[in-house]
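# Residue-level structure breakdown
Residue-level listing of the chains:
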Amino acid sequence: MPEFRYPAYRTEQVEGGKSLILFSAPATDIGGWAGVPQRMRQESRENIGFQREKKNDRVRELASFLGDPRNVVQNPLLAAQQDADRVRFEALDPDDKKSPFGHIVIDSGDLGALGMLELLELLADHIRARIDLDQQIAADDDRVAALTELLKEEYSHRLGEHGLDALDNDESEDVEGGNPVEGDSDSDLGTALDPENTNIGEFYGEILARIQVLKRTRTDWKSDDFLGFDRDAILAYLLPVVLVDGQHRLRGAVEAASLMAEDPANLDITLDYIAEGSTALEANSAVFEQRARQLPISLLMDPSPSEHVFQFVVVNQKATPLSAALLGTIVSTSLVSHEVDEIGERLRAAKIKFDDSRAISYLTRNPNSPFCGLVQTGVNGDKSNLLQWTVLQGLVRIFRDLSGGRLYGLTNDHAAIWCTRFLSSSGYVAGGATLREKKELWKASDGPWREVFIRFFTLVRDEFADPDPIAANGWGDTKQSNLFNKVSLTILAADFFRLLHTKGRSLDCVDDVDGAFADWISGQAGKKYFTRPWDFGGQKKDADKVKKQLATLWSEYRENPSRVPPITSFQF
């Protein structure tokens, strides 16, 4: 296996703490052993990386800066072990266990020689170990079929006649983790995984499906991409070191070295290599490596994915803050449940707000949620007509924290009133002794609030919405819909809690949500309320005057549902 060795210094910030290894390495070396797990979409599905996507403009700026040998970047790249067996510190004095001087030794593995199938199998093993599956999972047949058709359409020129014939033969074995499945191959991720791990489960399923398709091709797929998965993205999870911070500096330094290698000023050096027997390509590569900067690195000797995400979030949230959507997406979907639990208290102690992230991530990804796939995640490629993360966050807090259930223009918080008067008698929180304890039971990540929230908004969608998202009362397009937007959904949530406390409904089970909802809309015209054209007289929908009038109109409508008030023109 290719092995890299660098003089290094080992230190611990506190006695008995985690070791930090300080060293430097050529920028051109680092890419051979350090991965950058970027948060991105692949074939319209998100992976589980935590780094923000690469910005080419930033790379070019840094390449220009680092191309000047007078310029120095003092802050080191932040990295961490990803495979403890392949990254080790060797002290100069092997008998002195606390010796700070030595070498960092990194075995990069021979991953560059592997084909796409072998890489995907290794990636499947890596993800499977993290989600700790205790049963065999088969690739989803429908997803395999869809990817097979996509492969035929876009890659037939690479497959050849033999490969295409093999794809049409569906007798190949199901695979799990790259190997034939033994035992129960009918299990699916939906039943095998903790519901909180939806995104990682989906990513794992995408890997299994591609392994299945590749096996069917019966070809040695050596290309650097396959159905939205590229080699670099896969290697980010398999290389022995993960880059936690500094990807743009690294890429800028590599680009600067490349530009210098191509500079006519270095032609004589290139010709000298050729004169000594190197090929033109070898000569150019030698000059490239010779011109590469030595970059300082701080390497954390901890292979835990939760620690990697913790370090990334803390470093970035204290510098250029992540958006609420991206922060929530990264924390809740890059890690499995027990990994989030490992760093949750430390993130809170660092004053980083992420408590809603798991709850919101569940609601945006679980197919039982009426908001599944309809909320922005902060990842590049989000559609502008999706519900904003912060809007769903506000709706969640009404139900989870039982706070913020106010109708626009009024002061009563109906969710808080219901909490004070009726939460203690709710069968949902029978185990708590005090109101405070009951609130903690209610608001747990998977607590009763979530069932109530999902059921309420499912009923709202079914009662008031049109399946066509671009209809006036459509569900899923915030720009077109009178219903699917912050103002309308907040009004409905607040008014529902008003009904709960005025009617004395404590809620003991999900059937009680159905009963309260039926009472709430009794005698109303259902979909008709949101189907009419709404003219705000040039005002924006979230303007205070508009919100107050919409809240008033809804309140009047619910008190007298026989009359559907016109909203053809607003008078202010």
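Residues numbered from 1 in each chain as written. Predicted model: local features only at pLDDT ≥ 70, side-chain atom pairs only at ≥ 80, totals over all residues. Heavy atoms only, no water.

Further remarks concern the overall build of the protein. Looking only at helices and strands, the protein features 22 helices and 14 strands. Per-residue burial for the protein yields a buried fraction of 51% across its 572 residues. Taking as baseline every contact in the protein between residues at least 6 positions apart, the subset at least 24 positions apart corresponds to 71%. Taken as a whole, the protein presents about 26600 Å² of accessible surface, with 47% of it coming from carbon and sulfur. (Helix = DSSP H or I, 4+ residues; strand = E, 2+ residues; numbered from the N terminus. Buried < 20%, exposed > 50% of the residue type's maximum accessible area, 1.4 Å probe, protein only. Contact = heavy atoms within 4.5 Å. Areas by Shrake-Rupley, 256 points an atom, 1.4 Å probe, with all protein chains shown as cover.)

Let's shift gears to the pattern of salt bridges. Taken as a whole and judged by the stated rule, the model has 24 salt bridges. Between D302 and K18 there is a salt bridge, with the nearest N and O atoms lying 2.9 Å from each other. With a gap of 284 residues between them, D302 in the loop between β14 (294-300) and α11 (305-317) and K18 in the loop between β1 (3-12) and β2 (19-26) connect regions that are remote in the sequence. Look at D302 and you get buried, because its relative accessible area is 11%. Under the relative-accessibility criterion, K18 is labelled partly exposed at 39%. As a salt-bridge pair, E149 and K152 come within 3.5 Å of each other at their nearest N and O atoms. Taken together, the positions of E149 and K152, both in helix α4 (residues 141-168) and three residues apart, correspond to about one turn of that helix. On the basis of relative accessible area, K152 is assigned to the partly exposed category, the value being 23%. One salt-bridge network, in which partners are shared between bridges, spans E3, R5, R88, E90 and D107. (Salt bridge = Lys/Arg side-chain N within 4 Å of Asp/Glu carboxyl O.)

Interhelical geometry of helix α19 (residues 486-502) versus helix α22 (residues 544-559) gives an angle of 45° and a closest axis separation of 10 Å. By the angle class used here, α19 and α22 are oblique. Here α19 runs over α22; the crossing is right-handed. Between α19, through V487, I491, L492, D495, R498 and L499, and α22, the contact on the second element is made entirely by K547, L550, A551, W554, S555 and R558. Each residue belonging to the contact of α19 with α22 can be placed in one class, and the counts come to seven nonpolar, one polar and four charged. (Axes fitted to C-alpha atoms, helices over the stretch in contact; angles between N-to-C directions. Parallel < 35°, antiparallel > 145°, perpendicular 65-115°, else oblique. Left-handed = near helix turned anticlockwise from the far one by under 90°. Nonpolar A, V, L, I, M, F, W, Y, C, P; charged D, E, K, R; others polar.)

Taken across its five residues, strand β13 (residues 241-245) has five buried, putting it largely inside the fold. In this structure, strand β3 (residues 34-35) lies alongside β13, joined through two bridges in parallel fashion. When the bridges of β13 are listed, G35 appears paired with V242. The pairing of strand β6 (residues 77-81) with β13 spans four bridges and is classified as antiparallel. Following the sheet pairing, Q81 is matched in β13 by V241. (Pairing = 2+ DSSP bridges.)

In terms of nonpolar packing, the biggest core is built from 66 residues, with F371, F399, F453, F456, F457 and W520 touching the most fellow members. A per-element tally of this core places α19 first, with 10 residues. The contact partners of W520, leaving out residues within four places of it in the chain, are F456, F464, L492, D495, F496, L499, W554 and R558. Judged by nonpolar contacts, the second largest core, of 34 residues, contains A124, Y237, L239 and V336. (Core = buried A, V, L, I, M, F, W, Y, C linked by side-chain atoms within 4.5 Å.)

Here we come to helix α15 (residues 389-400). Under the 1.5 Å per step criterion, the end-to-end length of α15 is 16 Å for 12 residues, consistent within 8% with the ideal 16 Å. With nine of its 12 residues buried, α15 lies for the most part within the structure. Those residues of α15 lying buried are W389, V391, L392, Q393, L395, V396, I398, F399 and R400. L402 sits one or two positions beyond α15 and adopts a positive phi of about 50°. (Expected span 1.5 Å × (residues − 1).)

Moving on, we get to the packing of aromatic side chains. Ring pairs (aromatic) are described by centroid distance and by the angle formed between their planes. Inspection of the entire model under this criterion finds 39 aromatic pairs. Look at F464 and F530: their rings are 5.5 Å apart centre to centre, the planes differ by 75°, and that puts the pair in the edge-to-face class. Here F464 is found in helix α18 (residues 448-464), whereas its partner F530 is found in helix α21 (residues 528-531), with 66 residues between them in sequence. Of note, R450 hangs over the ring of Y362, and the distance from its end group to the ring centre comes to 3.5 Å. Sitting over the ring of Y529, R532 keeps its end group 4.7 Å from the ring centre. (Phe/Tyr/Trp six-rings, centres within 6.5 Å; stacked < 30°, edge-to-face > 60°. Lys NZ or Arg CZ within 6 Å of the ring centre and 35° of its normal.)

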